[in-house]
Amino acid sequence: MADFGLIGLAVMGQNLVLNVADHGFSAVVFNRTVSKVDHFLANEAKGKNIKGAHSIEEFVSKLSRPRKIMLLVKAGKPVDYIIEELLPLLDKGDIIIDGGNSHFPDTNRRYEELKEKGIHFVGSGVSGGEEGARWGPSLMPGGDESAWPAIKPIFQAIAAKSDGEPCCDWVGPAGAGHFVKMVHNGIEYGDMQLICEVYDLLKRLAGFKDAEISEVFAKWNKGVLDSFLIEITRDILKKDDKDGVPLVEKILDKAGQKGTGKWTAVNALDLGQPVTLIGEAVFARCLSALKEERTRASKVLPGPQIPKDAVKDKQQFVDDLEQALYASKIISYAQGFMLIREAGKDYGWKLNNPAIALMWRGGCIIRSAFLGEITKAFRQNPDLENLLFHNFFTQAVTKAQDGWRRIVGSATSYGVPTPALSTALAFYDGYRSERLPANLLQAQRDYFGAHTFRVLPEYASKELPAGQDIHFNWTGHGGNVSASTYQV
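Definitions and limits used
Residues numbered from 1 in each chain as written. Predicted model: local features only at pLDDT ≥ 70, side-chain atom pairs only at ≥ 80, totals over all residues. Heavy atoms only, no water. Helix = DSSP H or I, 4+ residues; strand = E, 2+ residues; numbered from the N terminus. Contact = heavy atoms within 4.5 Å. Areas by Shrake-Rupley, 256 points an atom, 1.4 Å probe, with all protein chains shown as cover. Core = buried A, V, L, I, M, F, W, Y, C linked by side-chain atoms within 4.5 Å. Buried < 20%, exposed > 50% of the residue type's maximum accessible area, 1.4 Å probe, protein only. Patch = residues over 30% accessible without salt bridge, like charges linked within 9 Å, V, L, I, M, F, W, Y side chains within 5 Å. Salt bridge = Lys/Arg side-chain N within 4 Å of Asp/Glu carboxyl O. UniProt positions renumbered as here; feature names shortened; annotations may be inferred. Polar contact = N/O pair within 3.5 Å; in protein donor to acceptor, adjacent residues only side chain to side chain. Pairing = 2+ DSSP bridges. Axes fitted to C-alpha atoms, helices over the stretch in contact; angles between N-to-C directions. Right-handed = clockwise from strand over helix to strand, strands pointing away.

**Some thoughts on the overall build of the protein chain**
Right, so step 1: A tally of helices and strands in the protein chain yields 19 helices and eleven strands.
Right, so step 2: Expressed as lengths along the three principal axes of its C-alpha atoms, the size of the protein chain is roughly 85 × 65 × 45 Å.
Right, so step 3: Restricting the contact set of the protein chain to residue pairs at least 6 apart, pairs at least 24 apart contribute 68%.
Right, so step 4: For the protein chain, the exposed surface amounts to about 23400 Å²; the carbon and sulfur share of it is 53%.

Structure (structure tokens):
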């Protein structure tokens, strides 16, 4: 009888089950297209402790109890269809794991439905792509915690390791695992957009060639920006086509997306959290998709000309860019953890923040050296209100500020769009402002819609009591107000 079952033999599924077998666990696999099972067993899985099944019934019969079944199929209805097929064949206490990119509300629903039937449901984020699945992904399991002891040995064995620790731990209840994966993907959108803006500034303002930019990224990858995305960007920029033209220059500037970044931005709005950088990254992809419209606009909408000597000290410019990128990444992760914190409050989830940071240190797309500092910060204080309040990150953004501001200022002056770098700085300045102009905004809302406002404690009085909603008659005559114009 097999220790582990997997349904879905696309490349991710194949690589993950090979990883399971490499770590000493026996497995059984099934795929709707049964010929894929036979081909996999005869080729990639040859000699491995992996069996095949040609029907759902045969698949279930070959699993030891409690049955541990992982689904790596397309998110949405396919997940529900397979669960429906499995249910009549399972016993109470069996475990179904959805390892796809499911939207967390679907995971919440499946968790509740299966809980009533005595089946333990786990929604697990899986990051790292095909290579990660084969050699060590980042795994973010959440759902029915009673399933964790049974799947923990397998999951932590196959996960990536960071300083000897597995990049996998229990996240929280219901859809928490898929929620954290959603935020991971949103941060991924932000990181990629930031890198693209830095690349654009190096080309358009400093006049660097792609090979020179590759060298800059290679140097950065040895410092505070050490990360998977910096590493692959370095590699991309030094690849020339057979005619000597950098391959990246031949790629249409029209970005695609599969929706997980949008989910993060929408959820941030639902929870009232200012996750501005991920939102701007999503909108930047939307703007890129308007290629034909942008081409027309480029011929009619004026902007500043960029002189050849726009950047007089190129080394200073590169150093400033490094600091701007680093500080903006810190803001992005701070915003991501703000969203995770608020989700925990709103959905009643007790979330494992130190484990989440550790899970992202290895195996996943956003893995980077400075996630180690995030892990340390949350281990020191699991209830840390904001990463920016931790001394390491406070010092980092303080050090970065001058260069960060010079970069955003130069980009604005010369008309180079930097939505992510700019919104990161705007968020920072907003977050550190004790007083924002929202007082005027509340007055406007009260004027046209009687939406009320509250007064500052130092101005509280009998007519203007603190902590209460107040409406003012803004259309009354005269400049001075009287008590009769207030309504509490």
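**Considering the nonpolar core**
Right, so step 1: Core analysis: the largest hydrophobic core is formed by 105 residues, its most contacted members being Leu71, Leu86, Leu202, Trp360, Ile374 and Leu387.
Right, so step 2: Once residues lying within four places of it in the same chain are set aside, the contact partners of Leu86 are Ile7, Ile56, Val60, Ile69, Leu71 and Ile96.
Right, so step 3: Judged by nonpolar contacts, the second largest core, of 33 residues, contains Leu6, Val17, Ala27 and Trp170.

**Overview of a nonpolar patch on the surface**
Right, so step 1: A cluster of nonpolar side chains, Tyr447, Phe448 and Trp474, forms an exposed patch at the surface whose accessible area comes to about 370 Å².
Right, so step 2: You can see Phe448 is positioned in helix H19 (residues 438–449).
Right, so step 3: Here Phe448 falls in the exposed class, since its relative accessible area comes to 63%.

**A short note on the UniProt feature "binding site: substrate" (unreviewed entry) in the protein chain**
Right, so step 1: Under the feature "binding site: substrate" (unreviewed entry), the UniProt entry names Asn101, Ser127, Gly128, Gly129, His184, Asn185, Tyr189, Lys258, Arg285, Arg445 and His451. The greatest C-alpha distance among the residues just named is 48.3 Å, and with 351 residues of sequence between them they are spread in space as well.
Right, so step 2: At a separation of 3.1 Å, a polar atom in the side chain of Asn101 contacts the side chain of Lys181.
Right, so step 3: Here Tyr189 shows up in helix H8 (residues 176–204).

**Remarks on the pattern of salt bridges**
Right, so step 1: For the coordinates displayed, the defined rule picks out 31 salt bridges.
Right, so step 2: The salt bridge partner of Asp210 is Lys203, with a shortest N-O separation of 3.7 Å.
Right, so step 3: Judged by relative accessible area, which is 5%, Asp210 ranks as buried.
Right, so step 4: Judged by relative accessible area, which is 26%, Lys203 ranks as partly exposed.

**Re the side chain of Arg67**
Right, so step 1: Relative to the assigned elements, Arg67 resides in the loop between helix H3 (56–61) and strand E4 (68–71).
Right, so step 2: Of the residues examined, Arg67 reaches a relative accessible area of 7% and is grouped as buried.
Right, so step 3: Engagement of the side chain of Arg67 in a polar contact is seen with the backbone oxygen of Val60, the distance being 3.4 Å.
Right, so step 4: Only 2.9 Å separates the side chain of Arg67 from the side chain of Asp91, close enough to count as a polar contact.
Right, so step 5: When sequence neighbours within four positions are dropped, the list of residues in contact with Arg67 reads Val60, Leu89, Leu90, Asp91, Asp94 and Ile95.

**Structural notes on the sheet that holds strand E2 (residues 27–30)**
Right, so step 1: The mixed open sheet is built from seven strands, whose spatial order is E3-E2-E1-E4-E5-E6-E7. Lying at the two open borders of the sheet, with one neighbouring strand each, are strand E3 (50–52) and strand E7 (138–143). Strand-to-strand, the axes of this sheet are offset by a mean angle of 25 degrees, without reference to chain direction.
Right, so step 2: When strand E5 (residues 95–98) meets strand E6 (residues 120–127), the two strands line up parallel, connected through four bridges.

**Details of the pairing of E4**
Right, so step 1: Side chains of E4 alternate between two faces, with Lys68 and Met70 and Ile69 and Leu71 buried alike.
Right, so step 2: The sheet contact formed by strand E1 (residues 4–7) and E4 spans three bridges and is parallel. Bridged to Leu6 within E4 is Met70.
Right, so step 3: Pairing of E4 with E5 involves four bridges; the strand directions are parallel. Along E5, the bridge assignment pairs Met70 with Ile97.

**Section: the pairing of E5**
Right, so step 1: The alternating pattern of E5 places Ile95 and Ile97 and Ile96 and Asp98 on opposite faces, both of which are buried.
Right, so step 2: Taken together, E4, helix H4 (residues 77–86) and E5 constitute a β-α-β crossover, and its handedness is right-handed.
Right, so step 3: What joins E5 to E6 is helix H5 (residues 104–116), and the crossover it makes is right-handed.

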